[in-house]
Each structure stands twice: as C-alpha cells, then as structure tokens.
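Descriptive structure summary
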There are 2 protein chains.
Amino acid sequence: LKSALANLAAKGRLRVAGLMSGTSADGVDVAICDVRPGRADLLAFATVPYPRRVREAVFRLFDPAAGRIDDLCHLNFALGEVFADALLKTAARHGIALRTIDLVGSHGQTVCHLPQGRREGRRTVRSTLQIGEPSVIAERTGLVVVADFRPRDVAAGGQGAPLVPHADHFLFRHPRRTRAVQNIGGIANVTFLPAGGGLKDVRAFDTGPGNMVMDRLAWRASAGRLRFDRDGRMAAAGRADPRLLAALLAHPYFRRRPPKSTGREVFGAAYADRLYDRGRRAGLSPRDILATASALTAESIARAYRRFLPRMPGEVILCGGGARNAGLVGRLGRLLAPAEVKVMDEFGIPAKAKEAVSFAILAWATVRGRPANVPSATGARRPVVLGKVVAGR
Amino acid sequence: LKSALANLAAKGRLRVAGLMSGTSADGVDVAICDVRPGRADLLAFATVPYPRRVREAVFRLFDPAAGRIDDLCHLNFALGEVFADALLKTAARHGIALRTIDLVGSHGQTVCHLPQGRREGRRTVRSTLQIGEPSVIAERTGLVVVADFRPRDVAAGGQGAPLVPHADHFLFRHPRRTRAVQNIGGIANVTFLPAGGGLKDVRAFDTGPGNMVMDRLAWRASAGRLRFDRDGRMAAAGRADPRLLAALLAHPYFRRRPPKSTGREVFGAAYADRLYDRGRRAGLSPRDILATASALTAESIARAYRRFLPRMPGEVILCGGGARNAGLVGRLGRLLAPAEVKVMDEFGIPAKAKEAVSFAILAWATVRGRPANVPSATGARRPVVLGKVVAGR
C-alpha cells in the first residue's frame, strides 16, 4: 500500500475516477479525469442509474426508524458493486483502459447525517454515514480507492459539509481574479475564491433557496405534470411581485452570519407550499409566483455576497441545475454587475459533472497527504486529511 | 499520508496498538506492542469496559429489525470515541507516551455479519459490518489508524473470518517445528502452522464446541448461580460418560471437511440445553454432564487434527478461556500425545491479549502492503491487503 501511494504521489498527473451519488439517489455520477496541480481535464462523464430495486432499498434506509441494520449491512456491499459496475461501464464505453486509471475517489451514498450531534455522556457526538463499500470497488477494479471523506471533518468538529470548496479552489482559483463559484442545486451555495488566495482564504456557505423551491412550485403550478420548470420558461413568462419578494427576503436565514448551512427542512417543499398559497391569496398567477421564487434565489445570492463576502468577486461561475434557468441567470447578471456571470461549462467542466470531479480531486489530495476541508466552511477545528484509503491489487 | 506510510514501512520495529471488541460487547481490549518481523512484544494490555449505556445501545443494534439507522450512525462515532478513550487511558496508565506509538489497528465492533450472502440481481452479495469510526480514533490520538479488516476478504469472496491465522503464523511459525494454535473460546478453532511453512501453507478452521456449551451447562447445573465453570472445577469433579460422548461425537459437523466454521446457532445455548436434558434422562449428574462436554471439546479437537490436518503438530499452543480449564488441558495432552500441549502465556503473549495483538499485527501487514487473509481459511478467492487507512496528524 505505501509503495502504491508513494508511486501515486510521485506522479505529476493522475488519472482519477470520481464517484458520487446525491440525496436524490438516482444513480452514480462517474467522472474520469486527468488531475494535475490546479487542473482537471474531464475524459468521461456519465450518470449510471441505480437499478430500481437498489434505489427502493436506499429510500427505505432514509427512514431511520423503518430501515433495518441487516439491510444496511447488505446494501453497503451491494452499492459497492453498483459503484464498481458504474465505473467499469463508463470506462469501457469511453474506451478508457482500466489500467490507465490510477485512483478512485468515491463519496458513496449518504444514508444518515447528524451534524448537530447527540449527547453521549459529557460529550456531544456528531455523526454522518455514507455507504457503498470501497473494499468492493477496490476488489472489482483493482484500483486504489479513497472513500468516506466526510467522517474525518465531522471527527474534527465540522459538519462534514460542504466539501466542494476544496475542489472549487483547486479548479478555479486565479492569481489576479477574485471569483465566486455559485452552485444552484436544491439549495444554493457559494465558494468565494479571493485573487491569489490559499485554501485558508476560501469562504463558503449556503446562500439559501435553490431548485427545491422552484421545482415544487412548478409541480404545484402544473397540477403535478411538471417535475421542474425546464430552462425557467414558466418563470420567464411571469413577473416577480416586489411586495411578496420583499417579504420573503425578510427570512432570518439571510441575515445569519456564515458559517451557515440550510436544507430541505427550511427551504424545501413545505416552504414552497406556503409560498404558493400566500402568492395565490395575494392574487398572483402561478407563473408570477415562480418568477418571484426565481427572483428570490437571485436576490438572496446577491445580498449574501454584499453582506458576507470580504469583497465582491469579479467573476461568478455558475453550476447546478439553476445555471440552465435563463431568467435566473439574467437577473443574477444584473444584480451582480459589474461582475461577469459565466456558466461553468465555459471552463471545460460541465456543471453536471462538477460534483463527481470534486471527489476525484479530493482523492488526489488525500494520497498527497493534503488537508482538504475548509474549516471556515464546515466549522471544523482544523484542516484535516480526509478519507480512508483501500489498497488496489 | 503516503510519506507517513513510507516512514512506517521503513521502520524495522513499529509500536502498534491493537483495539478489539468481541461479540460479547463487554468493552475494548487494548494491546500495545512492539512489532517487528515475526515478533510482537506486549508492553501493555487492558480491557476497558464499555459504559453501560453504550453497551445497551450496541445490543439494541444486534437485533436487525429493532436497530435504527440513525442510532447506528451515532453509535459508529460514539464507539470511535470509546475506542480512542480506551487507548489513551491504557497508554497513560502504563506510562507509554502517545507519540511513541506509530500505528493503530482497530477491529471495531461487529454489529452484523452476513457471510452467506443475499441475492442481488444476478449476484450473491456477502456482507459484514463493523463500527467504531476510525476517523475519530485518528483525530483523537493523532495516529495513523488501520481499521475495517473484514470487508476486503468478504469482497474477495471470503467469509471475512477467521482473520487470526495471519497473526498466529506471524507469531508462532517455526522453521523446524510443526505447531497448532488452538483457541478454545465460545467456539474452538485451530490454526495449523507446518514447520517452515509460509502463509499459504497455513490451515485454519473451527474444530467445534467450546466454552459456550460448557458455560451454559455450568449455568444450568448451578441453577443460574454460575456464569461459567471456573478453572473447570465442576467438570473435574465428574466423569465423562462414554456412551453420551460417543453419541455427541456423531454430530455431522465433525465430519465436514474444512474450510468450515460454526457458531452460536450450532454449538450454543440450545445445543447445551438439549445435551443437559439428555444427560439427565440418562441418569447422569450435572458434573458428569459437564465432564462429558469438556471431553467432547477435547475429543472433537483431537479428532479434527487426525482427520483434517496434513500431519500431527509437535506442539499445540492453547489460548482462549478453555486454556484455564485444567481438566480439559490435561485430557487434550493425553489425546494429542506425543505433541506437547502448552499455554500461550509461556510464549510471552497472555492468552487474553492475543486477539487485540492480532489486530496490531494485521495493521502492521497493511502498511507494508502485505496480504493478510488466509484464503484456505476464509474461502476468499485470493490473498488481499486488508483494511482501510486513515491519516494521523
């Protein structure tokens, strides 16, 4: 193992596969890329859907009371097989010989996350649980695997999230330009990269609502026909209501100082439902309500920058599903001017591949012995080397 | 990480702490030893009991249907703290400075083990689950931790057990003497070490019943007063019944060829209860029944050697609780003559510390990149490097 790691660390360029499955548990994102200092060239990307039975089994585990320990034990190994299959299939389809891959970074599937912690004697113990057994991935592929990145940050007093700021810094830091990487996923979050700054200068936090709210509104507005507002078309056909928008921007989350994070409990379906009903009572059309929610996402991002970033970025790099919402992107451009708002794809990393690429980069950091959490973002007491290393063949 | 591992691998002697908790979930066995090729010198050993609440929480997880996923997520980290505390306390009590320890090998606490596997699409997926988060142990101690040894053997098609044969070979192989290491724990198992043999020449399997049967009989015979027959005194006061013994030795397990393993389901409390009732009906006194069970353990060991070992060992090294049962040891000596029967303590490793020492040795093997499973014992397709490596400070 040590000589395998020494060989890896000695190479200037590593071919690394990043594997990731998100909370939606749709399947495995596989990104194979050539990583060298400050750069990742994407060679292949695919989302390999979970087999239906596996997805159902994952969702049963999401219910802490209904999930069974023996099912978890089994599913950890079964997901290891699924992750390995996804990598093997993606490599084969793109004609990438497995022996040219040096390393795998696997996030796994989160099944439980308790960052607030529970009392245990005189301590508060925080915890998090990702599954998708890396020993299985290593055995099937023969490759060195780094996995389980969140627990060490949690052990160091952090929330175990967000972990992407390291990759944002790795990929997008610039000696003379101050940049922000703005992800608009279910929740929206920013990584601030001051010109010439090191990892310790990075700031990252959740700005607030994102696609979870807009998706739910589209679903309500379409009486269940639409799962989301494709390219923001419905919102683009409406007009944001200034009074409702001002009321929504009074939410206390927007005033809280970072480090902060939010989620489904605050800006999820229940929030969207209340927003929808309130808009309807005020006489707004469904598309006006959607336009207002889109404006809320843009405004909450812009205000967060002005309130909490040390200075305004000159460039904003968008990723996540919201980067395809033209109305949202346009409004952000106006609000953040004179900053240039760009979509991540322009930088050679498709927005959808970004998270899987991030875990390839985190694995790269681990084998080099580099701490990769950002304590100001996760709340950890100190920078730590993340992950667990499993031997290849 | 790679330079930490390279430093470790370059050192001739490593100070390694082995951490272990067994199925009885009483507490953490901590063994701190200096490991060099073929030798482990024990510096400190202690069993640090689990806090009562923690032990109860572990037992709740043992029931797969009743255990909750969020409790498992929490307990994985809580046990990480308990394992770290146990190591820190043991080191402090013995005046061993933490910075002199190079490495930790932690087995964790098994909460589920499904080596038979479950169908999953076209595959059978075997699985096993140990908890006691190594990231927490690494963060609290600052030491490199190797943990989670069983999953890789399972991923390679093995049962994930037994893993002690590697340590038996490491510690007790001899260039000119053929030895057997005989553990008499809840179940009895043997590791056969032919003179001058390599790891691939090792044979290991469960010989059959051990203390689980004798403990239950002592409990029955004492109407619940005794948890076990201390030093085998009750059995020593009785006489084994030849007819009952012959009937018991007809059990089909004894004829099955290795690799084989058995457990609580076959030679546990239910088996002991049937044996007790049968003996009483045949007019035997409780102590005669205990003497018969003791004889059964000895006979099943001796017969297994003659049937299944390539040749008889010249030395038998006893460990486990049964090594303190004088009647059992005496009978084994007669049955195995001319082999010399010795207790492991004579070799400088107290029998009770053996398992924790074994995991220190397994961690030593992992950082050197050495496979440490014995495929003929676990059923794995090939030798594999076990464990997951977590960085220290």
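Read on for a plain summary of the structure. Predicted model only: the values in this text are computed from it and were never measured.

This brings us to empty space enclosed by the protein. With the rule as written, the count across this model stands at 1 cavity of 30 Å³ or more. Size it by volume and the largest cavity reaches roughly 420 Å³. Lining the largest cavity are 33 residues, with A:Asp148, A:Lys388, B:Gln130, B:Asp148 and B:Lys388 positioned closest to its centre. Looking at the lining of the largest cavity, the elements that each hand over two or more residues are α3 (69-93), β4 (103-120) and β5 (123-131) of chain A together with α3 (69-93), β4 (103-120) and β5 (123-131) of chain B. Classifying every residue of the lining of the largest cavity gives 13 nonpolar, 14 polar and 6 charged.

This paragraph deals with the pairing of strand β11 (residues 340-343) of chain A. All names here are of chain A. Note: strand β10 (residues 315-319) against β11, 4 bridges, orientation parallel. Bridging across to β11, Glu315 finds its partner in Glu340. Handedness of the crossover joining β10 and β11 through helix α13 (residues 326-336) is recorded here as right-handed.

Another point: the pattern of salt bridges. For the structure on display, the rule yields 58 salt bridges over all chains. In this structure, B:Arg52 and B:Glu56 form a salt bridge, with 2.8 Å as the shortest nitrogen-oxygen distance. Taken together, the residues span about one helical turn, with B:Arg52 and B:Glu56 both in helix α2 (residues 52-62) at a distance of 4 residues. Exposure remark for B:Glu56: the relative accessible area of 37% places this residue in the partly exposed category. The shortest N-O distance in the salt bridge between B:Arg303 and B:Glu299 comes to 3.4 Å. Taken as a pair, B:Arg303 and B:Glu299 lie in helix α12 (residues 286-308) at a separation of 4 residues, close to a single helical turn. What makes B:Arg303 partly exposed here is its relative accessible area of 36%. When salt bridges with common partners are traced through the structure, they connect A:Arg68, A:Asp70, A:Asp71 and B:Arg118 into a single cluster.

Thresholds, definitions, all that
- Residues numbered from 1 in each chain as written.
- Chains lettered and ligands numbered in written order.
- Predicted model: local features only at pLDDT ≥ 70, side-chain atom pairs only at ≥ 80, totals over all residues.
- Heavy atoms only, no water.
- 1 Å grid on protein atoms, 1.4 Å probe; cavity = no way out; pocket = protein on both sides within 12 Å on 5 of 7 lines; lining within 4 Å.
- Points joined across faces, edges and corners; volume = space filled by probe spheres on them.
- Helix = DSSP H or I, 4+ residues; strand = E, 2+ residues; numbered from the N terminus.
- Nonpolar A, V, L, I, M, F, W, Y, C, P; charged D, E, K, R; others polar.
- Pairing = 2+ DSSP bridges.
- Right-handed = clockwise from strand over helix to strand, strands pointing away.
- Salt bridge = Lys/Arg side-chain N within 4 Å of Asp/Glu carboxyl O.
- Buried < 20%, exposed > 50% of the residue type's maximum accessible area, 1.4 Å probe, protein only.

Function cannot be read off these values alone, since they describe shape.
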